[in-house]
Amino acid sequence: MSKYLSNNLSKTQDSKPVVMAAKELLVLAMSPVFRVVNGILVVVVFMVVGLWLSGNGTNAGPFDLARILVPDEARQIVWSNGFGILDQSHDSQVTANAGSSDSGIAAVLFSKPTATTGLTSAKQQTVALLMPSVAQVQVKSISHLSDRIPTSKIDPLALDTNLMSSIQNQRAVADFFEKKYKLDRAKIEEYVSNAVLIAKEVNIDPVLLLAVISVESNFNPNIKSHAGAEGLMQVMTSVHRDKYAHFGGTSDAVKPEVNIRVGAYILKYLIATGGSLRNGLKFYVGAGNAEDDGGYGDKVMAERNRIIGLCQDRSNHRVTSNNNQLRS
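Only a predicted model underlies this, so the values are computations on that prediction, with no experimental measurement involved.

Conventions adopted
Residues numbered from 1 in each chain as written. Predicted model: local features only at pLDDT ≥ 70, side-chain atom pairs only at ≥ 80, totals over all residues. Heavy atoms only, no water. Helix = DSSP H or I, 4+ residues; strand = E, 2+ residues; numbered from the N terminus. Buried < 20%, exposed > 50% of the residue type's maximum accessible area, 1.4 Å probe, protein only. Areas by Shrake-Rupley, 256 points an atom, 1.4 Å probe, with all protein chains shown as cover. Expected span 1.5 Å × (residues − 1). Polar contact = N/O pair within 3.5 Å; in protein donor to acceptor, adjacent residues only side chain to side chain. Patch = residues over 30% accessible without salt bridge, like charges linked within 9 Å, V, L, I, M, F, W, Y side chains within 5 Å. Salt bridge = Lys/Arg side-chain N within 4 Å of Asp/Glu carboxyl O. Axes fitted to C-alpha atoms, helices over the stretch in contact; angles between N-to-C directions. Parallel < 35°, antiparallel > 145°, perpendicular 65-115°, else oblique. Left-handed = near helix turned anticlockwise from the far one by under 90°. Contact = heavy atoms within 4.5 Å. Nonpolar A, V, L, I, M, F, W, Y, C, P; charged D, E, K, R; others polar.

A. Molecular detail of the overall build of the protein chain. Across its full length, the protein chain carries 11 helices and two strands. Its helices and strands in sequence order give the protein chain the pattern α-α-α-α-α-α-α-β-β-α-α-α-α, from N to C terminus. For the protein chain, with 328 residues in total, the buried portion stands at 41%. Accessible surface, the protein chain as shown: approximately 17700 Å² in total, 57% of it carbon and sulfur.

In structure tokens:
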């Protein structure tokens, strides 16, 4: 009996090392899987915490690294539009810039336009206009594209300084361009009002839009370049058919309310991708791959400074000798 028990005990002891060896082999084989799973969990937790802390305008402090790993565009998409927009297709179209048919500059940053926006501006603008009837024109908004360009990517020089929010300043600018180009008064007031209204919609400086219009077309909506650029903003109609489709097609490409909207969006996109106002203007004229823009940027900036000077002069004239503001 004791011999039988001794044999069984010996067999049990011999089987234990085999089981232990099998367990060790299994753990060794699964260790890479465990490392991958643990790594994914750590990354997911870090990104969720980073989004929570660095998004929505909070001051993350020691979590500044999260701002690097989670770019501004991702945070803006999450906080303003929700996670659902991440499922949308981002099959962007690569097109040429508004200034040249062979520039090869990408002019579409986000997904194709959708037909979900209604007539008139999607944002109910409260800006005062020299010609208020401009705001009543039935035209779709382009804010569904422009709003997807983060403001943080826009050169501060291209953002609205509110100089054109004053009716008096709008009138002074209209006077200036009326005399400069010998234009019909009603037409120039229409163009100035459209620029102010659309600048609010696209979130760009109306002074900049007016300067570009002045240099590009001399406020002549019917002018067309040999390359095919049309309208006040001289947009390449054939290149930007996808954007004009949102407004019913290219048949309305030269209408001020349409042409300025498309041109303003393209300009804002190019400023964002170019990294500065100067680079954006260089791309806009189609000189992105050239050493210089032929003086185009200088012309636009000079015109912009003239308009700013007009508005600032009016503001200064409204102050009396004892620094009391006069009612205008």
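B. Region of the structure containing helix H7 (residues 206–217). Under the 1.5 Å per step criterion, the end-to-end length of H7 is 16 Å for 12 residues, consistent within 8% with the ideal 16 Å. Turning to H7, its buried residues are Pro206, Val207, Leu208, Leu209, Leu210, Ala211, Val212, Ile213, Ser214, Glu216 and Ser217. The N-cap residue of H7 is aspartate 205: its side-chain oxygen and the backbone nitrogen of valine 207 are 3.2 Å apart. Backbone geometry just downstream of H7 places asparagine 218 in the positive-phi region, at approximately 55°.

C. Geometry of helix H10 (residues 277–284). If you check which residues of H10 are buried, you get Leu277, Gly280, Leu281, Lys282 and Tyr284. A positive phi of about 85° marks glycine 286, the residue just after H10.

D. Representation of a nonpolar patch on the surface within the structure. A surface patch of nonpolar side chains, amounting to about 540 Å² of accessible area, comprises Leu26, Met30, Val33, Phe34, Val37 and Leu41. As for its placement among the helices and strands, phenylalanine 34 is situated in helix H1 (residues 2–54). What makes phenylalanine 34 partly exposed here is its relative accessible area of 46%.

E. Spotlight on the packing of helix H5 (residues 167–181) against helix H6 (residues 185–202). Viewed as axis vectors pointing N to C, H5 and H6 meet at an angle of 130°, and their least axial separation amounts to 9 Å. If you check the angle between H5 and H6, you find them oblique. In terms of crossing hand, the pair formed by H5 and H6 is right-handed. Contact with H5, carried on its side by Gln170, Arg171, Ala174, Asp175, Phe177 and Glu178, involves Arg185, Ile188, Val192, Ser193 and Val196 of H6 and no other residues of that element. Each residue belonging to the contact of H5 with H6 can be placed in one class, and the counts come to five nonpolar, two polar and four charged.

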